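A look at the structure
Listed below, chain by chain, are the residues.
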Amino acid sequence: MQKIVVLGATSAIAQAVERRLASEGKEFLLVARSPQRLQELEADLRVRGARQVLTLSSDLADSSQHSALLDFAHKQFSGFDTVLLAYGTLSDQRECRHSAALAEREWHTNFTSPAALLTLFADHFEPLKAGCIAAITSVAGDRGRRSNYVYGAAKGGLSLFLQGLRSRLHPSGVHVITIKPGPVDTPMTAHLPRTPMLANPDSVARDICRALKKRSPDVLYTPRIWQYIMLALRIIPEFVFKRLSL
Amino acid sequence: MDSRSLDVPGAAGLDAAKVTDYNSWGRYPQVKHQAVHRPSWPDQLPELLQTAPRGSTLPYGLGRSYGDTCLNEGRDLIDCSRLDRFLAFDPEQGRIRCEAGVSLAQILELAIPRGWFLPVTPGTKFVTVGGAIANDVHGKNHHRSGTFGHHLSRLALLRSDRGLLLCTPEQNPGLFRATIAGLGLTGVIAWAEFQLRRIPSSWLQVETVAFRSLEQFLALTAESDAQFEYTVAWIDCFSGPHLRGIFFRGNHASAADLQLASASGPGVPFPLPEWLLNRFTMRWFNAAYFHKHALRRGRSLVSYEPFFYPLDSVRKWNLIYGKSGFLQYQCVIPEAAASAFQQLLSLISDSQMGSFLGVAKRFGSVPPAGMLSFPRPGLTFALDFPMRGERTLRLMQALDRVVLESGGALYPAKDARMSSQMFQRSFPEWRAFLPYVDPKLSSSFWRRVTSE
């Protein structure tokens, strides 16, 4: 891995990943909405050792901007070998439960738009017979829970999409990595009650960087313990699970 | 679109952290804050300051101030630790510009492999640049290099009343001098630029020498300060009238490599029971420490990490003092009043209440960089005391009297209890500092020492 496109580059986890990769002299195309924040991020990564940093301001939730983004990457950042999709929103789930409009927006940002965007990247990599697509979904997508099933549905959908994409791209040698973090201490989780389970963004980033370099595992749980927690949660029979206030 | 873009509750997508996580390093006093904001980007700061009521908030870094300069009881904090981006670094000239939430540890990671080191460093690398400026920190090279503020070329200060201001020794010079050692009260530092120090290697040539009297310590200091960039003494606070300790002196070694030290070791998982640190265990520890180094007198090649940051290897070491926390007493005494130094040591030794790690050093005579800078010519002495209620506070009041009579001062960054008279007498520029305080900012410390 040398040239990476980061979608949602100003998110907390993405930044932690970028910092680690920058110190190894990697090259970046950073995509996010705010030009000002992109500029600040670019300066930071250059100081930390990034060999090249390009930025592109784009509202990724707006699917009409996707093909322009791919064009830009193609022309200005040709030869990129990795894509990391790191954007998403976690809205107030109590409000989402009762507002179809809000829920729809949540699904669009967390499922429809990422899936559409990755479809374009998949078509880019497939004929090249090389490359890696990594996307951050969530452990919330592993089982529908009453506290966050609106968000969980989108993330679960994205995980399923990635699973299928992985199978489709496997013959062409393109890797697809599904990243499932547990709750991480970022602005996105600020409104949740604080628990000792809140992971540090840098330790999550360490796991992600390792996976990007090794092109493995297919599904990364980070921190690792969530693999076992979710395994336990998944095997609880539905008639019991529906009674749990999780 | 990024994770902060939509619908996240809280003003402007700001992260309101759990308020009980915010203590000072001494864990005394324990206070409750109303709200803690954790901005991730500088563009969130103006609104945060605009919407704050008068005297309601205070920038907070990594909480390594010992007392209450970083606390704001019943009011708000702005946790700046996520504002930690580098803006520019010139590896040829060693000039660095970064946001105020960057920690010294992050700077070392960047600087050491490229042959640079901090111009001045305190005893922990887990402080932010903003905190290093706000407390105008000093280190073992004060006699040569002064304080952190002396190496600062520019800073950008965000004020609630005047917006973003560039401050340098020439531009807004008053605000520049007020912000250095300004305890975070003059505005929120958006970024700062300072000069690093060239190093030929990440190793130090260090000598340790045992001493057994105050005279010997003073003689060692006088002899060493000219030849060594770094000098500091460890003092056994249980040694009674016959002072003893170990003198450490070192220079950057020329022939070795540039190597980052590896990550830290074990941590203290929870506040330890308070009976563990009693006068017997502490007396024993001090004696053992003395003999270990007294026997091993001589020269050695030491990595920067154990030399500058011996305690950083134990995460959360402050928890060894238990639930009640501890107080650090750091004073400076004019050199002419060396007898006061002896008096302090006798008071402490008689009380049997000190703990390990009494540290002494002679400050150089560079003029202070900030209005409220603590270092001034003379001897500085620092010692931790487990907080044992009235008893501890009474001892410190007795120490205060000696310090004040000698014309000395206490270090605000270490203080949780000095009287307002003491502060005002030993920091006479505090009245000149007042007009520079941002109307939206205040702190527990500031309210305490300006209360009358």
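Residues numbered from 1 in each chain as written. Chains lettered and ligands numbered in written order. Predicted model: local features only at pLDDT ≥ 70, side-chain atom pairs only at ≥ 80, totals over all residues. Heavy atoms only, no water.

**Points about the packing of aromatic side chains**
Residues and elements named next belong to chain B. According to the stated counting rule, one finds 27 aromatic pairs over all chains in the structure shown. Each ring, one from Phe 217 and one from Phe 247, has its centre 6.2 Å from the other, and the planes form 55 degrees; the classification is tilted. Highlighted residues: Phe 217 in helix H6 (residues 214-227) and Phe 247 in strand S14 (residues 245-252), separated in sequence by 30 residues. As far as the burial class goes, Phe 217 and Phe 247 line up, both buried. Note on Phe 341 and Phe 381: the rings are 5.8 Å apart at their centroids and 85 degrees apart in plane angle, and the pair reads as edge-to-face. Here the residue Phe 341 occupies a position in helix H9 (residues 338-351), and Phe 381 occupies one in strand S18 (residues 378-386), the gap between them amounting to 40 residues. Here Phe 341 and Phe 381 have matching classes, each one buried. (Phe/Tyr/Trp six-rings, centres within 6.5 Å; stacked < 30°, edge-to-face > 60°. Helix = DSSP H or I, 4+ residues; strand = E, 2+ residues; numbered from the N terminus. Buried < 20%, exposed > 50% of the residue type's maximum accessible area, 1.4 Å probe, protein only.)

**Focus on the pairing of strand S17 (residues 358-363) of chain B**
Residues and elements named next belong to chain B. Burial analysis of S17 places five of its six residues in the buried class, the great majority of the element. Here strand S13 (residues 230-235) pairs with S17 via three bridges, running antiparallel. When the bridges of S17 are listed, Ile 235 appears paired with Gly 358. Both S17 and S18 contribute to a ladder of five bridges, which runs antiparallel. Considered in S18, the bridge of Val 359 is made with Ala 382. (Pairing = 2+ DSSP bridges.)

**A short note on the pattern of salt bridges**
This model, assessed by the stated rule, comprises 41 salt bridges over all chains. Residues Asp142(A) and Arg234(A) are paired through a salt bridge, measuring 3.0 Å at the closest nitrogen-oxygen approach. Taken as a pair, Asp142(A) in the loop between strand S5 (132-136) and helix H6 (149-169) and Arg234(A) in helix H8 (residues 225-235) lie far apart in primary sequence, 92 residues in all. For Asp142(A), a relative accessible area of 14% corresponds to the buried category. In this structure Arg234(A) comes out as partly exposed when scored by relative accessible area, which is 38%. In this structure, Asp438(B) and Arg159(B) form a salt bridge, with 3.9 Å as the shortest nitrogen-oxygen distance. With Asp438(B) in the loop between helix H12 (430-433) and helix H13 (444-449) and Arg159(B) in strand S8 (residues 152-159), this pair connects stretches of sequence that are 279 residues apart. Taking the relative accessible area as the measure of exposure, Asp438(B) reaches 0% and is therefore buried. (Salt bridge = Lys/Arg side-chain N within 4 Å of Asp/Glu carboxyl O.)

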